[in-house]
2 protein chains.
Amino acid sequence: MAINKPKNRLSAQAYIDGVLSGNRVILSRAITIVESNLESDKALAKTIIQAILSASGHSMRIGITGVPGVGKSTFIEAFGKHLITQGHKVAILSIDPSSQRSKGSILGDKTRMEALSTLESAYIRPSASGDTLGGVANKTAESMLLCEAAGYDIILIETVGVGQSETAVHGMTDFFLLLMLAGAGDELQGIKRGIMEMADMLVINKADGDNIKKSALACQQYKNALHVFPESDSGWTPVVTTASSTTNTGIDAIWNAITQYKQLTTNNGYFIENRNQQQIRWMYNTINNELKQLFYGSKDMAEQLTELEQKITSSKIAPIKAAQDMIEAFKKRYE
Amino acid sequence: MAINKPKNRLSAQAYIDGVLSGNRVILSRAITIVESNLESDKALAKTIIQAILSASGHSMRIGITGVPGVGKSTFIEAFGKHLITQGHKVAILSIDPSSQRSKGSILGDKTRMEALSTLESAYIRPSASGDTLGGVANKTAESMLLCEAAGYDIILIETVGVGQSETAVHGMTDFFLLLMLAGAGDELQGIKRGIMEMADMLVINKADGDNIKKSALACQQYKNALHVFPESDSGWTPVVTTASSTTNTGIDAIWNAITQYKQLTTNNGYFIENRNQQQIRWMYNTINNELKQLFYGSKDMAEQLTELEQKITSSKIAPIKAAQDMIEAFKKRYE
């Protein structure tokens, strides 16, 4: 409906041309379209994405995670500056489905990454908001395509290492980097199970001053631990290393390792195969999320399910029977 | 249709009474009903499961996994005999969605667990067959309920540690035990990523003869590795130990640890909370599998998806657009 259409929209072609010519202002406005929940914007976003698709993909996509306090923003600032010195254009995005609750916990604070944000070759975009992880992840993935089409050849996607968003980031990046701190022995740092096994690289951050010895020790412990981890399909052995954003130590070695990873996986075919699989999974995940929305998306259904959950945990109904009854009702709704 | 109804079926009540009185022959026939794909049997299975539901649940459910060659059947035989000596009744089930292809790779071989199968307090059932992991897992989970209702107070669910079935077993058991071999250093033993992190206990098996030293070393390495793993929600620290089914070493310590686990998680509330969550997830998984069947289950759909996958990997269509188009078509089918 025309009534809902915001006034300040450009034509689809203007967004497409602007993004493809690397215009940062238009890039930002195109990302706003992708992030919008308005129906008219959704159609516009589809057109834009479809048009820039063949110009996307030419970047190294790097996921970066770690719990709050691990020093993600200072690390990304130091890492990003190093990449730009090497002649790269770097875009920094984030996934944070909790950003509405925590009021912009990642990339939302304007004072963060100050030095980086003033550089012409860096593009920083705060996290999209949304109700579902699937929705936020889709927006971030499409923003990534726009950044690539605008000429950014390295994409850093930041997430907080405490929830499910890591799987989403892992599913849209080529390389997954986990930041850790040298803790006291068995300090567990709040990292969720399974995240460590996704990492292509573990970086013990803040390895400076009094922390250097502890960090070296932690580094060795994690190396021993990863040693017994099962091998990744990529053929890559995860790297454990230390870094300091304050003293700028270890940053270049991290980029070297990522370059080696790209070389190895390009040669053995994993890089492109992984991307293809990610794209295909993206379609299926979107379909499956929409299907669930169709099934679970009504208020009536939510009430019925709550009731069933109670009956199940009090052994009044078998879970399979409950499921089958609900599916029958769903089918009838559509008949 | 009456034509499809097998002749040798009992009444629902006969199955229910037989199972509840611990009659092994009737238990086997009831499991056959649960495993059957006939429509008339499915209705019968629903009735039986619903009726025995309140008599189920009173067991310790233990998942056991490890790659082929790790010695699962001899371990289960030794472990099962130990449990029976302690006065327990033990049922042994398995999940193996590949069993049709590999012709009964687990529990199918009648010469396996020979000593155990002759004992009155042991009940052994080969793996159900089926096309989908979800289907096989549902059958195994319902067979587990039947065994519990028949008085078995320890259920061992075996699976092969190479695929997705571990997640299914982990989702229906209280305790997850991973069998490993002492390998040469960084030998990775074919265990898939993520499985090690699900384990409540790692057992280095075949720790006998020339293997004793190597096993002790491997045990220490895995202990160090688990040390840096994130903590489990159960509050339990995974145990690493060695065992030999040949010399019967370490078997009692394993059961002691499981008993301690049960004590700990009963006291901190995790045991019952985990079971409730498993039951609820079981309903949702079943619904989601059925939904996918509704959506993907036609030949026409399969062809369209194959075509879309090719368009996606050649960047001709964006994954999200492909997904949205398919969902629109699905909605129209039902309108």
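It should be emphasised that the depicted structure is a prediction, and the values quoted were computed from it without experimental measurement. (Residues numbered from 1 in each chain as written. Chains lettered and ligands numbered in written order. Predicted model: local features only at pLDDT ≥ 70, side-chain atom pairs only at ≥ 80, totals over all residues.)

Bringing the overall build of chain A into the picture now. In terms of regular secondary structure, chain A is built from 14 helices and seven strands. Here the analysis covers contacts within chain A between residues at least 6 apart in sequence; of these, 74% occur between residues at least 24 apart. (Helix = DSSP H or I, 4+ residues; strand = E, 2+ residues; numbered from the N terminus. Contact = placed C-beta atoms within 7 Å.)

Attention now goes to the nonpolar core. Leu-146 of chain A together with Leu-146 of chain B are the most contacted members of the largest nonpolar core, which has 178 residues in total. Every residue in contact with Leu-146 of chain A, bar those within four places of it in the chain, is listed here: Val-19, Leu-27, Ala-30, Ile-31, Val-34 and Ile-52 of chain A. (Core = buried A, V, L, I, M, F, W, Y, C linked by C-beta atoms within 7 Å. Buried ≥ 20, exposed ≤ 12 C-beta atoms within 10 Å, placed from the backbone.)

Relative to chain A, chain B is turned by 180 degrees and slid 0.0 Å along the rotation axis, the superposed coordinates differing by an RMSD of 0.0 Å. The operation mapping one copy onto its partner corresponds to a two-fold rotation axis. Across chain B, the smallest distance between a C-alpha and the rotation axis is recorded for Ala-225 of chain B, namely 2.0 Å. When the interface residues of chain B are mapped onto chain A, 100% of them again fall at the interface, so both copies present the same face. (Least-squares fit on C-alpha atoms with pLDDT ≥ 70 in both.)

All names here are of chain A. Between the first and last C-alpha of helix α11 (residues 251–267) there are 25 Å, a value that for 17 residues agrees with the 24 Å anticipated at 1.5 Å per step. Within α11, the full set of buried residues consists of Ile-251, Ile-254, Ile-258, Tyr-261 and Thr-265. Across the axial projection of α11, the buried residues extend over an arc of 75 degrees, all falling on one side. Opposite its buried face, α11 presents the exposed residues Asn-256, Thr-259, Gln-260, Gln-263 and Asn-267, each directed more than 90 degrees away. Residues of α11 that are buried in the fold lie against β1 (60–66), α4 (72–85), β5 (175–181), β6 (201–205), β7 (239–242) and α12 (270–296). Where α11 ends, the next residue or the one after it, Gly-269, has phi of about 85 degrees, a positive value. (Expected span 1.5 Å × (residues − 1). Arc of directions from axis to C-beta.)

Chain B puts 50 residues into the contact, and the matching count from chain A is 50 residues. Elements with a minimum of two residues in the side of chain B that touches chain A: α3 (39–52), α7 (133–149), α10 (211–227), α12 (270–296), α13 (299–313) and α14 (319–333) of chain B. With twelve residues, α12 of chain B is the single largest residue contributor to the side of chain B that touches chain A. For the side of chain B that touches chain A, the per-class residue count stands at 24 nonpolar, 15 polar and eleven charged. (Nonpolar A, V, L, I, M, F, W, Y, C, P; charged D, E, K, R; others polar.)

For any part of a model where pLDDT is low, the fine detail of the predicted coordinates should not be relied upon. All names here are of chain A. Averaged over every residue, the pLDDT of chain A is 86; the share at 70 or more is 89%. With pLDDT under 50 throughout, residues 99–105 is counted as low confidence; its partners more than four residues away or in other chains account for twelve contacts. For this predicted complex, the interface score ipTM comes out at 0.78, alongside a pTM of 0.75. (pLDDT = per-residue confidence, 0-100.)

Attention shifts here to the pairing of β7 of chain A. All names here are of chain A. Inspection of the sheet shows β6 paired to β7 by four bridges, in the parallel sense. Across the sheet, Val-203 pairs through a bridge with Thr-241, a residue of β7. As a crossover connection, the stretch from β6 through helix α10 (residues 212–227) into β7 is right-handed. (Pairing = 2+ DSSP bridges. Right-handed = clockwise from strand over helix to strand, strands pointing away.)

Here the focus is the sheet that holds strand β6 (residues 201–205) of chain B. All names here are of chain B. The strand order β3-β2-β4-β1-β5-β6-β7 describes an open sheet built from seven strands, whose pairing is parallel. Both edges of this open sheet fall to β3 (122–124) and β7 (239–242), since each of them pairs with a single strand only. Neighbour-to-neighbour, the strand axes of the sheet open up by a mean angle of 20 degrees, direction not taken into account. Sheet strands in contact with α7 are β1 (60–66), β2 (90–95), β3 and β4 (154–160), and its direction is about 175 degrees off that of β2. (Axes fitted to C-alpha atoms, helices over the stretch in contact; angles between N-to-C directions.)

We now examine the domain arrangement of chain A. Here the domain parsing of chain A yields domain 1 (1–55), domain 2 (57–134 + 147–268) and domain 3 (284–333). Taking only C-alpha atoms into account, the centre of domain 1 of chain A sits 36 Å from that of domain 3 of chain A. (Domains from an automatic or database assignment.)

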